[in-house]
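Reading the structure
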Amino acid sequence: MLHGTVIILTAFAYLGLLFAIAYFADKRADAGRPVINNPYVYSLSLAVYATAWTFYGSVGRAASDGIGFLPIYIGPTLMIALWWVVMRKILRISKQNRITSLADFIASRYGKSALLGGIVTVIAVVGILPYISLQLKAISSSFSILVQYPEIVMPGNAEPQSMREDTALWVALILAAFTIAFGTRHLDAAEHHQGMVAAIAFESLVKLLAFMAVGVFVTFGIYNGFGDLFTRAAAHPKLRDLMTPLGGVAGGYASWVWLTILSMMAIMFLPRQFQVAVVENLDEKHLNKAIWLFPLYMLAINVFVLPLAFGGVMHFPDGRVDADTFVLTLPMAEKQEFLALLVFIGGLSAATGMVIVETIALSTMVCNDLVMPVLLRMRALRLNERRDLTGLLLGIRRGAIVLILLLGYLYFKLAGEAYALVSIGLISFAAVAQFAPVVLGGIFWKGGTRRGAIAGLIAGFAVWFYTLLLPALARSGWLPTGLLEHGPWGVELLKPLELFGLTGLDQITHAMIWSMIANIGCYLGVSLSASSSADEHRQASLFVDVFRHTGEAGGARFWRGTASVPELHNLLARFLGPGTAEAAFREYAEARGHRWPDDALAADAELVHYVEVQLAGAIGAASARVMVASVAKEEALTVDEVREVLDEASQVVVYSHRLEQKSHELEAATTELREANERLKELDRMKDDFVSTVSHELRTPLTSIRAFTEILLEDPKVELEQRRKFLGIITKEAERLTRLINQVLDLAKIESGNADWVESAVDMKEVISDTLAAMDQLFKEKKIEVRAQLPDRVSPVTSDLDRMIQVMLNLLSNAVKFCDAAAGRIEVALTERDGSVRVDVRDNGRGIDPENHEAIFSKFHQASDTLTGKPHGSGLGLHISRQIVEHFGGRMWVESRLGSGACLSFTLPTAGAT
Amino acid sequence: MPLVHAADCGGNVSKRILVADDEPNIVVALEFLLRRAGYEVQVARNGEEALQIVERGPPDLVLLDVMMPVRSGYEVCKRIRERPDCGHVKIIMLTAKGRDLEVNKGLAMGADLYVTKPFSTRDLVDKIKSLLVA
Amino acid sequence: MGDSERRGQRFVALCVLGILLFNYPVLALFNVPGTLFGIPTLYAYIFIAWAALIGLMAANVETSR
């Protein structure tokens, strides 16, 4: 059944199926209902990492050293754990800057350098050639083997070269045509190839299924499960040592470690991985599922590697059969035709997936970052005149695809035969690992400069070439082997496989160590030794601080120049086609609330940046920069200006946060301050009033004293009567003065809290009686009738005895002053109720206007006598009395109406009550 | 400076001084002082009284206390200055308050002098004499 | 973005854990004869540890915020 024709037809049918899936997905994408916009497709597309190397090569490697195939998958698992930090940043940066390829990313980061983009492209193409040739080898070999069914014959021992040659070449050409059909039907501004992604996801499923099918078959079909298989393997002489494969030799572990590191970098920097993980990503959130789905896929596809390897060794004991082919030859040996065909398709799937994606990614880089910049510079004028460049771009890409595949075939012919698949693949890994320092440094370290990147890349690539590619060519006979044995021109220290005498390592590890030293060393050294341009600073900040910059306007800030809208429109149309340009401008206008083309758009920094970004999607950032610059007359910002803008921007963000906080605090503080100020002013006024009043009250009696004293001194001839009168006045005034001073001091002490209060239980009845008795003389003089209503006994109050006397004296003397002049009557009442003692002093004077009921208690209030118009007393007495009463927890108030006397009352809590 | 009695000079019309103050003792002192110096003295106990007396016939000099009930010394001073028949009247303001702003206010109102209490009797009489010479 | 930061830190921790699990000292520990569920010890360990690590990564990203 397994005729050549059948196999070929099946292969084409499968490829046709892939194409159909891609076509369907592209159609849906154009209609705006993308099929692939979900995390599962995204995760499966990442599995393009597993190529024919995984499918065939792992088993081959496992058969020889047990676990040496595993680091290639464990490394990526570890790296993917870091994707949360690293890949999210790369995704964000790439979305913002419309990055379309790995070369674009690197070039963009280091000041949109076209030179750097070109270098990266060259390294990528040369580095991936071995890998592509690996796939070609796998397909052609598997075909050759299968076609020999039911014989199992290794390709090397089959018919002459011509047929095999043909197989690989044919495969290369067919794949080229297929890839062109897949990836270059039109230009997408964001370099999305949704159809391709759908097809890749599908083929990831197919290869997983095929591998597991044959794995299950061998483990459970040929043997009786894992236990049985491994037990038998342990008994096998060749396999016994592989039960504990790590041997204990230092070289073994070093190899393990470096392979892990290598694969960690490969999963990031293989052009196809960058393409599906970053460029084709439609939603950052898909990353969440991919972070564990993809490692799970890798785990699954490796579960049966060991059974297949050991089973193969046991099945083909005499080493006739290449371990790389076990996956296919085992079912063949067991006459499982259908399974064998399925395996072949699985391997084909794995290989074509890799080739398609890798070649499309590489051709994009070649077109955007290698060819276009050169063309734009060379015949600059003529290119500007061409109205539509889309045809040119597509043509370049198609050419690149064909070229790359042919070069892959060439490598296969020159150097691919002698090596196991895995070894070939690792050479490519080591090549793309050279991108790690410049990319990782680029997104985390602003100090990386363009020159540093160029130096690092060239140094690393040179060492890679010398330690890996040269030996491959030498081993295949294209270079003298003396080179390997004795070094160039006999210089032993420069032996490609043992540079500077570093021995004992396998080739890959050795190459990795030296290339990384050269790469990182030059990158750091050159970056740190020279300063960078304004463009670089801007890009560095955009990349490293991507999570801080908001939106795409970040780039627009750094532009200064003049442009015209029609020019920009034409530019876009030339490269993307008039339809796409129209749509882009309309989108831009609508986002700002205008209508295109009716309303006039401002040709400002934002528009220019927008156009540049759109353009970058088609021709890469560096070329876009050049084209836009030619259209818009740009004024270069100096490095300092750029730094200023950046500093300002970051400071503004910080400040605005602080400002919000501060303004809240400020509001609160201001209100407090205003209130405090008011209070202070009030107090100040009161103080001024007090001082001024006291001063007045003091000076007035002093004036009389002085005047009369002087009169008496001056004039000895004053009459006796007059003299007596005057001296009397002096005395009285002196008394008045003394009284006032005492009261002021008293008040000052009470108010400042320095008064000496002597607390004791005071009997108010006693106080009142004593005071009345003391004033008896005065009452008689003024003919005032006094009546006192005092209970038999009253509870004591906690108070100061002297002060209470002072209060009673004050109230009574006021009553005396103001009671009726002719028939004065004063009534004093003492009562007790509800835990407090109350005293009332009533007079039958004029009464007090209700307006003044509070005012009489204030400082210096002097109720005036209508007769003389002269106030009585100092005005402090009542005030002090009230202060005293309130000090002991009591209250003082007045009840009065004009014309019916006044009653001054106060209460005090009894001792023991609060 | 020796006191000059108007009587000594023989034939001079004695000047009339109005004393306006609400403190009775000060009024007594001033009255005695001025009479002894040979001036005719009129007394007012508050601002209203003072103005009434001025209306009846302006004195030659007014001793005006600032802190008076009913009308303050400032008001009285202003009123006197407003009267066309009082152009020659000299005004001395007396007060127990001595702050600058009081002084300036008084002078702004049109007082000729501002004296703070307690004053020197001799000083006051001298001032009055010099004002009334002119 | 505190939550995201914490997640990132946990991922870094997982990566470090992986580096420790799949490296010299620990690997050598399991590089002994004998079998685990019928599978040679080292291979069994590697696959089990690998699966566990993936499980932890899944848990870290799939648990609700």
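Figured I'd write up the structure that's included with this text. Sequence positions are assigned chain by chain, starting from 1 and proceeding in written order. Whichever chain is written first is A, and whichever ligand is written first is 1; the rest continue in order. Per-residue local features of the predicted model are confined to residues with pLDDT of at least 70, and side-chain atom pairs are confined, for both listing and counting, to 80 or more; whole-chain, interface and lining totals are unaffected and use all residues. Calculated side-chain values reflect all of the structure's heavy atoms, with hydrogen atoms and water omitted.

Let us look at the overall build of chain B. Per the secondary structure count, chain B includes 6 helices and 5 strands. Counting from the N terminus, the helices are the DSSP runs of H or I reaching at least four residues and the strands are the DSSP runs of E reaching at least two. Secondary structure elements in chain B, listed N-terminal to C-terminal, are α-β-α-β-α-β-α-β-α-β-α. For chain B, the proportion of its 134 residues judged to be buried stands at 49%. Total accessible area on chain B stands at roughly 6,100 Å², and carbon and sulfur atoms take up 51% of it. Partly exposed describes any residue whose relative accessible area lies between the buried limit of under 20% and the exposed limit of over 50%, with all areas from a 1.4 Å probe on protein chains only and scaled to the type maximum. A 1.4 Å probe and the Shrake-Rupley method give the accessible areas. Residues count as covered only by the protein chains that appear here.

Note on definitions: a residue-residue contact is assigned when non-hydrogen atoms from the two residues lie within 4.5 Å. Across the contact, 38 residues belong to chain A and 33 residues belong to chain C. The term buried area means the drop in 1.4 Å probe accessible area that two parts suffer when joined, counted for both and summed. Here chain A packs against chain C, burying approximately 3,100 Å² in sum over the two surfaces, 78% of which is carbon and sulfur. Together, A:W84, A:Y253 and A:L299 form the three largest contributors to the area buried by chain A at its contact with chain C, with a combined 20%. Here, a salt bridge means any side-chain nitrogen of Lys or Arg that lies within 4 Å of a carboxyl oxygen of Asp or Glu. Inspection of the region where chain A meets chain C yields 1 salt bridge. A:K289 is paired through a salt bridge with C:E62; the nearest N and O atoms lie 3.3 Å apart. Sorting the residues of the side of chain A that touches chain C by element identifies α4 (71–81), α5 (83–97), α10 (226–235), α12 (250–269), α14 (286–302) and α15 (305–315) of chain A as the ones contributing at least two each. At 9 residues, α14(A) tops the list of elements feeding residues into the side of chain A that touches chain C. When residue character is reported, Ala, Val, Leu, Ile, Met, Phe, Trp, Tyr, Cys and Pro are called nonpolar, Asp, Glu, Lys and Arg charged, and the others, Gly included, polar. Considered class by class, the residues forming the side of chain A that touches chain C number 28 nonpolar, 8 polar and 2 charged.

Right, let's get into the interface of chain A and chain B. Contacts between chain A and chain B engage 25 residues on the former and 21 residues on the latter. In total, chain A and chain B occlude about 2,100 Å² of area from one another, counting both sides; carbon and sulfur atoms represent 60% of this. Area buried by chain A at its contact with chain B is led by A:H696, A:R699 and A:T703, which between them contribute 23% of it. There are 3 salt bridges connecting chain A and chain B. Definition of a polar contact: a pair of N or O atoms within 3.5 Å, with one able to donate and the other able to accept a hydrogen when the atoms are protein atoms, and with sequence-neighbouring residues admitted only if both atoms are side-chain atoms. If you look at where chain A meets chain B, you find 8 residue pairs in polar contact (both at pLDDT 80 or more).

What follows covers the pattern of salt bridges. A side chain with one charge may pair with a side chain of the opposite charge, provided their charged atoms come close. Across all of its chains, the model carries 31 salt bridges over all chains by this definition. One salt bridge in this structure joins A:R787 and A:E827, with 3.8 Å as the shortest N-O distance. A residue pair is termed long-range when its members are at least 10 positions apart, and A:R787 in strand β4 (residues 784–789) and A:E827 in strand β6 (residues 824–833) qualify at 40 residues. Under the relative-accessibility criterion, A:R787 is labelled partly exposed at 48%. Taking the relative accessible area as the measure of exposure, A:E827 reaches 27% and is therefore partly exposed. Among the ionic pairs, B:R35 bridges to B:E31, the shortest N-O distance being 3.3 Å. Residue B:R35 and its partner B:E31 are both found in helix α2 (residues 24–37); the two are separated by 4 residues, about one turn of the helix. Here the residues in one salt-bridge network are A:E733, A:R736 and B:E23, joined through shared partners.

This paragraph deals with the pairing of strand β7 (residues 836–843) of chain A. Residues and elements named next belong to chain A. Any two strands with at least two DSSP bridges between them are considered paired. Bridge count for β6 against β7 is 8 bridges, and the pairing is antiparallel. Bridging across to β7, L830 finds its partner in V839. Here β6 folds back onto β7, and the loop between the two strands holds 2 residues, one of which, D834, carries a positive phi near 55°. Bridge count for β7 against strand β9 (residues 902–909) is 8 bridges, and the pairing is antiparallel. Pairing of R838 across the sheet is with T907, part of β9.

This paragraph deals with the sheet that holds strand β1 (residues 16–20) of chain B. All names here are of chain B. With respect to topology, 5 strands assemble into an open sheet ordered β2-β1-β3-β4-β5, the strand pairing being parallel. Both outer strands of the open sheet, β2 (40–44) and β5 (113–116), are each paired with one neighbouring strand and no more. If you compare each strand with its neighbour and ignore which way they point, the axes differ by 20° on average. One ladder, built from 5 bridges, connects β1 with β2; its direction is parallel. By the bridge assignment, R16 is partnered in β2 with E40. The axes used here are C-alpha line fits, helices contributing only the stretch in contact, and every angle between their N-to-C directions lies in the interval 0 to 180 degrees. Together, β1, β2, β3 (61–65) and β4 (90–95) form the strand contacts of α2, whose direction differs from that of β2 by roughly 165°.

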